[in-house]
Amino acid sequence: MSTSLSDSVAVDGATLGSATYDPAAYDGLDYVGLDDLLTDEQRAIRDEVRAFVTAEVLPLIEEHAQAMTFPMHLAKDFARLGLLGPNLPTEYGGGGHSNITYGLMMQEIERADSGLRSFCSVQGSLVMYPIWRYGSEAQKRRWLPALAQADAIGCFALTEPDHGSDPGGMETRATRDGGEYVLTGHKRWSTNASEGDVAVVWAKDDEGEIGGFLVELDRPGVSTPRIMDKWSLRAAITSEVILDEVRIPASNRLPEAQGLKGPLSCLTQARYGIAWGVIGAATACYDAALQHAKNRIQFDRPIGQFQLIQERLVDMMQEITKAQLLAWRLGTLKDQGTLRPQQVSLAKRNNCQMAADVARSARQVLGGNGVLGMYPVMRHMANLESVLTYEGTHEVHTLIVGRDITGLNAFA
Ligand code: TGC
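This structure is a prediction, so every number in the text was calculated from the model and none was measured.

## So, the overall build of the protein chain
- Of regular secondary structure, the protein chain possesses 10 helices and 11 strands.
- C-alpha extents for the protein chain along the principal axes are approximately 80 × 45 × 40 Å.
- Taking contacts inside the protein chain between residues at least 6 apart in sequence as the whole, the part at least 24 apart equals 73%.
- Here the protein chain displays about 17,200 Å² of accessible surface, and carbon together with sulfur accounts for 50% of that area.

Quick look at the structure:
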């Protein structure tokens, strides 16, 4: 699937010179032998997802991003590859894999696009995880196998127009009325809501306690307008969830979720996946820049021969390598059951900033060609602006870690 830019013509009809770029030549980045830390099974699963991405996703993702469409036909492939709930127990349809395997999967899928990893993160970490962790047996049996198989699509409804970083201030209410709850409120930035079947809605009950409620999205009073006005995550469906006196059975409440730590614990799972995923986006950008640096001739030599370009490439590779080590260590701690949310914040903060910086630097190595959709770089760069911000902004994670090391709370 080589894209020879010398044969290519830009939208405006201009030819693009001698540079070449072949995304299929991608073989990962492993400068310090991290592969040796993985099991044979982990390497095999990663390679399977990588091959799928190269063959089935890369050829179509740019077109979807340009058109602002999500390639929904891939959802079944994601299920087949075990990308939906990979680290949840097999009993309910999860993959039963280690957290390092889960991370590797997110890394490979985000090499294609952060929007696709968002789809998997939301389904697995923000919908399946809370049902598994906090749900009743009936809720687990009803939803988890269907979600793992992509027979049902879920979304997570926490953020509100006026409550992003401070979800504890949420205004959405779940009022008890006999055997039902009546939900009213406005949620925003929910991946998949307008194509979804079920939402995990976080709302305050009559006692003011935050609870989790499973809301089927075809219930009267639910609307999920899609947010179209965005330059980032264009190949993902992002929606509002508007609840106007929506009635659900009381049995739809997640019985074990009490308080803000319910949704925050789900975010910890998703943030962990993000810390791995963005390594894939960064590595895709680095790979494009490295290929370009070796092929692009200026002043009768490849631009990679110039010290300024080499410095950029080394900086990118170095920062990706450090992020890989952090992600791997996080996975080890998570598999041991000793990972703390604050450590996840450190990795989410570091790795997202790293990926955004790498994408920007790669775009500069590519020169003017870097703005073209023929390369993945500008798309990743724009996507990573969202990833830096969602599931806890860079600043919120700074203050979470700051609180951890000083004992002083910026939020109180
Ligand atoms: P705080 O006092 O810190 O915590 C309240 C309770 O929760 C516990 N806790 C956690 N538990 C598990 N994992 C975590 N990460 C946790 N963080 C806190 C904590 O121990 C406490 O438990 P307890 O037993 O004492 O009650 O609460 P706070 O109000 O001070 O929190 C502050 C802050 C800023 C850290 C928190 O609110 C926060 O993380 N804010 C950022 C929220 C965020 O990430 N929002 C984005 C949501 S993503 C989204 O809606 C769209 S993306 C998904 C999609 O694509 O669809």
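## Overview of the side chain of Asn 351
- Within the fold, Asn 351 resides in helix α8 (residues 341–365).
- Leaving out residues up to four positions away in the same chain, Asn 351 has contacts with Ala 275, Val 278, Ile 279, Ala 323, Leu 326 and Ala 327.

## With respect to the site of the ligand
- Taken together, 22 residues are adjacent to the ligand, and Thr 159, Thr 191, Thr 268, Arg 271 and Gly 392 come closest.
- One of the side-chain nitrogen or oxygen atoms of Lys 261 is found 3.2 Å away from an oxygen atom of the ligand.
- Alone, the ligand offers 1,100 Å² of accessible surface; in the complex the protein occludes 73% of this.
- Within the residue set of the shell around the ligand, elements represented by two or more residues are α4 (114–134), β5 (180–191), α6 (261–295) and α10 (394–406).
- It is α6 that provides the largest number of residues to the shell around the ligand, a total of six residues.
- Across the shell around the ligand, the residue classes tally to 10 nonpolar, eight polar and four charged.
- Two domains each donate at least three residues to the shell around the ligand, and these are domain 2 (154–258) and domain 3 (262–406).

## Side note on the pairing of strand β4 (residues 173–177)
- As judged from the five bridges shared by β4 and β5, these two strands associate in the antiparallel manner. Counted as the bridge partner of Asp 177 is Glu 180 from β5.
- The hairpin turn running from β4 into β5, its antiparallel successor, is two residues long, and Gly 178 in that turn takes a positive phi close to 65°.

## What to know about the domain arrangement of the protein chain
- Here the protein chain is partitioned into domain 1 (34–148), domain 2 (154–258) and domain 3 (262–406).
- Taking the mean C-alpha position of each, domain 1 and domain 2 sit 23 Å from one another.
- Each partner contributes residues to the interface: domain 1 has 27 residues there, and domain 2 has 28 residues.
- Approximately 2,100 Å² of surface area, both sides summed, lies buried where domain 1 meets domain 2, with 70% of it carried by carbon and sulfur atoms.

## Overview of a nonpolar patch on the surface
- A surface patch of nonpolar side chains, about 320 Å² in accessible area, is lined by Tyr 31, Val 32 and Leu 325.
- Structurally, the position occupied by Leu 325 is in helix α7 (residues 307–336).
- Leu 325 sits in the partly exposed class, given a relative accessible area of 39%.

## Some thoughts on the packing of α8 against helix α9 (residues 377–389)
- Running from amino to carboxyl end, α8 crosses α9 at an angle of 155°, the nearest separation of the two axes being 9 Å. By the angle class used here, α8 and α9 are roughly antiparallel. Here α8 runs over α9; the crossing is left-handed. In this structure, α8 uses Lys 348, Cys 352, Gln 353, Ala 355, Ala 356, Ala 359, Arg 360, Ala 362 and Arg 363 to contact α9, whose residues at the interface are Val 377, Met 378, Met 381, Leu 384, Val 387, Leu 388 and Thr 389.

## Things to note about the side chain of Lys 187
- By the secondary structure assignment, Lys 187 is in strand β5.
- For Lys 187, a relative accessible area of 0% gives the class buried.
- Polar contacts involving the side chain of Lys 187 include one to the main-chain carbonyl oxygen of Leu 158, which spans 2.9 Å.
- At 2.9 Å, the side chain of Lys 187 and the side chain of Glu 160 are in polar contact.

## Details of helix α3 (residues 99–112)
- Between its terminal C-alpha atoms α3 stretches 21 Å, which fits the 20 Å expected from 14 residues at 1.5 Å a residue.
- Counting buried positions over the 14 residues of α3 gives 14, a clear majority of the element.

## A few points about the nonpolar core
- In this structure, Phe 78, Leu 83 and Leu 116 are the most contacted members of the largest nonpolar core, which totals 79 residues.
- For this core, the secondary-structure elements that each account for two or more residues are α1 (40–67), α2 (74–80), α3, α4, α6, α7, α8 and α9.
- At 13 residues, α6 tops the list of elements feeding residues into this core.
- Excluding residues that lie within four positions of it along the chain, Phe 78 makes contacts with Phe 52, Phe 70, Leu 83, Leu 84, Ile 109, Leu 116, Phe 119 and Cys 120.

How each quantity is defined
Residues numbered from 1 in each chain as written. Predicted model: local features only at pLDDT ≥ 70, side-chain atom pairs only at ≥ 80, totals over all residues. Heavy atoms only, no water. Helix = DSSP H or I, 4+ residues; strand = E, 2+ residues; numbered from the N terminus. Contact = heavy atoms within 4.5 Å. Areas by Shrake-Rupley, 256 points an atom, 1.4 Å probe, with all protein chains shown as cover. Near = heavy atom within 4 Å. Polar contact = N/O pair within 3.5 Å; in protein donor to acceptor, adjacent residues only side chain to side chain. Nonpolar A, V, L, I, M, F, W, Y, C, P; charged D, E, K, R; others polar. Domains from an automatic or database assignment. Pairing = 2+ DSSP bridges. Buried area = accessible area lost by both parts, 1.4 Å probe. Patch = residues over 30% accessible without salt bridge, like charges linked within 9 Å, V, L, I, M, F, W, Y side chains within 5 Å. Salt bridge = Lys/Arg side-chain N within 4 Å of Asp/Glu carboxyl O. Buried < 20%, exposed > 50% of the residue type's maximum accessible area, 1.4 Å probe, protein only. Axes fitted to C-alpha atoms, helices over the stretch in contact; angles between N-to-C directions. Parallel < 35°, antiparallel > 145°, perpendicular 65-115°, else oblique. Left-handed = near helix turned anticlockwise from the far one by under 90°. Expected span 1.5 Å × (residues − 1). Core = buried A, V, L, I, M, F, W, Y, C linked by side-chain atoms within 4.5 Å.

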